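Remarks on the overall topology
The residues making up each chain are set out below.
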Amino acid sequence: MPFYHKLGKIPPKRHTVFKKPDGGIYYEQLFGTEGFSGMASLLYHTHRPTQVREIKGSIDVKPDVSVDVNIESLLFDGFKVNPVADYLESRTPIMVNDDIQIILSAPQESTDDYFYKNADSDEVIFVHKGEGKLRTQFGNLDFKYGDYLVIPRGTIYKLDFDNTDNRFLIVESRQPIYTPKRYRNDFGQLLEHSPFCERDIRQPYELETHDEAGEFLIKIKKQDKLFDMVYAKHPFDVVGYDGYNYPYAFSIHDFEPITGRIHQPPPVHQTFETSAMVICSFCPRLYDYHPQAIPAPYNHSNIDSDEVLYYVDGEFMSRPDIEIGTLTLHPAGIPHGPQPGATEASIGKKETKELAVMVDTFRPLRITKQGLKLTDGKYYKSWLEKKSDNEGF
Ligand SMILES: [Fe+2]
């Protein structure tokens, strides 16, 4: 996150001796995501963070792709993804490309006996159901329905759930995830026309410092493999840190929609960006107020984007019969728009209660085997105007 955060105790000068009260020194670690030029934090460990005891092996977690090249608009019944006790086993890739993975997950149990680290990708976890605590070496973040948890690559974390009914949409990104640049000034401060500001961003608090030796399993995701690495010291042994690179939370309910006299395009809903995709939040808002405005979106051809929409809550203006937990994919190359009747029905409406998350990717998405099982096989015909149009197909 491009603003400064400090937690715990740190020495007055970086790269200098930082003594422990009972003798010895704390060990400094620079934690960045783009070499030595991107955002970074300096952490101070009780022990050296390099103490690997054992590498126990790995399992293959490469997504199993069923459709490599896709031109069909698809609807996925996301809530059909079965709840699974373990968090990592529950993560089900639905759509992937070389930049991102779009994952659904319904974990039931807290991660008690291991830690997790994604070495390749930043992660955004959107919490559709459930609440609990994200524990990291940067401190903890409480989460609940509507939160985006943004976790930079390399962050070691665990998830504690308050109950077993949890539903996540997870986006893994090979490029760092930022807030939109056009909403930041030269110094990184969010500008007045930004739909959210620094006060809406929740930074880690409650730094846990464990001075413990033993066997600590960290499952590390790297190049589509999950390695079991055993460390000799507890990974949450940080006494303090400062900098710009750390996990944070932002609630979709704190996104302040930008509205206008006539229909505003999807970029007004933009919440996060990378060089390969954007994430947008469609939130309850007043409709356009020109007397002749058509609030429903116009048909559009994003010829260079695959467009994924995850329906969270409320009635969606362009498609009122959609169920929550549904994902749709509108692929690049063909236009899409409101379903028949939705444009006319939207005229004169004053507001919408829709809540949805959109992920637009600049490179085409491939459909996984698990994803294909969630599709209905007929969504691509849902723009036909009447039943007879479908006869003979
Ligand atoms: Fe669209």
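Everything that follows concerns the structure shown earlier in this document.
An account of the accompanying structure is given in this report. None of these values were measured; they are calculated from a predicted model.

Here we come to the pairing of strand 19 (residues 238-243). Counting buried positions over the six residues of strand 19 gives six, a clear majority of the element. Relative to strand 19, strand 1 (residues 5-8) runs antiparallel, the two sharing four bridges. Counted as the bridge partner of Gly-8 is Gly-240 from strand 19. The sheet contact formed by strand 3 (residues 40-45) and strand 19 spans five bridges and is antiparallel. In the sheet register, Tyr-44 faces strand 19, and the bridge partner there is Gly-240.

Looking now at the coordination of the iron ion. Only His-300 (NE2), Glu-307 (OE), Glu-307 (OE) and His-336 (NE2) from the protein reach the iron ion as donors, at distances of 1.7 to 2.7 Å. Classification of the site at the iron ion as irregular follows from its four donor atoms and the range of 53 to 143 degrees in their angles at the metal. Of note, the donors binding the iron ion are all from one chain and are spaced H-x6-E-x28-H. On the criterion of sequence distance, the pair formed by Glu-307 in strand 24 (residues 306-313) and His-336 in the loop between strand 25 (326-330) and helix 2 (342-346) is long-range, its members being 29 residues apart. Each member of the pair, Glu-307 as well as His-336, carries the same accessibility label: buried.

Side chains of Val-17, Ile-25 and Tyr-27 sit close together on the surface and give an oily, nonpolar patch of about 260 Å² of accessible area. Within the element layout of this structure, Ile-25 appears in the loop between strand 1 and strand 2 (27-32).

A separate point is the nonpolar core. Membership of the largest hydrophobic core comes to 47 residues, with the highest contact counts inside it found for Phe-76, Met-95, Tyr-148, Ile-279, Leu-327 and Val-357. With near-sequence residues (within four places) excluded, Leu-327 lies in contact with Leu-74, Leu-75, Phe-76, Ile-94, Met-95, Leu-104, Leu-169, Val-308, Leu-309 and Tyr-310. One finds Tyr-87, Tyr-114, Phe-143 and Phe-168 within the second-largest nonpolar core, a separate group that totals 19 residues.

Moving on: the side chain of Asp-122. With respect to the secondary-structure elements, Asp-122 resides in strand 10 (residues 122-129). One polar contact links Asp-122 to Arg-153, side chain to side chain, over a distance of 2.6 Å. Setting aside residues up to four positions removed in sequence, Asp-122 forms contacts with Ile-151, Pro-152, Arg-153, Val-171, Glu-172, Ser-173, Gln-175, Pro-176 and Ile-177.

Within this structure, the stated rule accounts for 18 salt bridges. One salt bridge in this structure joins Asp-64 and Lys-369, with 4.0 Å as the shortest N-O distance. With Asp-64 in the loop between strand 4 (52-60) and strand 5 (65-67) and Lys-369 in helix 3 (residues 369-372), this residue pair connects regions lying 305 residues apart in the sequence. Here Lys-369 falls in the partly exposed class, since its relative accessible area comes to 42%. For Arg-91, the salt bridge is made with Glu-123, and the minimal N-O distance between the two is 2.9 Å. Linking Arg-91 in the loop between helix 1 (87-90) and strand 7 (92-96) with Glu-123 in strand 10, this pair joins segments that are 32 residues apart in sequence. Ionic contacts of the salt-bridge type, sharing partners, join the residues Arg-91, Glu-123, Glu-172 and Lys-221 into one network.

In this section: the sheet that holds strand 22 (residues 277-282). Pairing in this open sheet of six strands is antiparallel, and the strands run 6-25-24-27-22-21 from one edge to the other. Two strands in the sheet have a free side with no partner beyond their single neighbour: strand 6 (74-77) and strand 21 (270-273). When strand polarity is set aside, the average angle formed by the axes of neighbouring strands in this sheet is 20 degrees. Bridge count for strand 6 against strand 25 is four bridges, and the pairing is antiparallel. Directly across from Leu-75, in strand 25, lies its bridge partner Thr-328.

Reading the values: the criteria
- Residues numbered from 1 in each chain as written.
- Predicted model: local features only at pLDDT ≥ 70, side-chain atom pairs only at ≥ 80, totals over all residues.
- Heavy atoms only, no water.
- Buried < 20%, exposed > 50% of the residue type's maximum accessible area, 1.4 Å probe, protein only.
- Helix = DSSP H or I, 4+ residues; strand = E, 2+ residues; numbered from the N terminus.
- Pairing = 2+ DSSP bridges.
- Donors = N, O, S within 2.8 Å, 3.2 Å for Na, K, Ca; no water.
- Tetrahedral: all angles 85-135°; square planar, octahedral: opposite > 155°, others 65-115°.
- Patch = residues over 30% accessible without salt bridge, like charges linked within 9 Å, V, L, I, M, F, W, Y side chains within 5 Å.
- Areas by Shrake-Rupley, 256 points an atom, 1.4 Å probe, with all protein chains shown as cover.
- Salt bridge = Lys/Arg side-chain N within 4 Å of Asp/Glu carboxyl O.
- Core = buried A, V, L, I, M, F, W, Y, C linked by side-chain atoms within 4.5 Å.
- Contact = heavy atoms within 4.5 Å.
- Polar contact = N/O pair within 3.5 Å; in protein donor to acceptor, adjacent residues only side chain to side chain.
- Axes fitted to C-alpha atoms, helices over the stretch in contact; angles between N-to-C directions.

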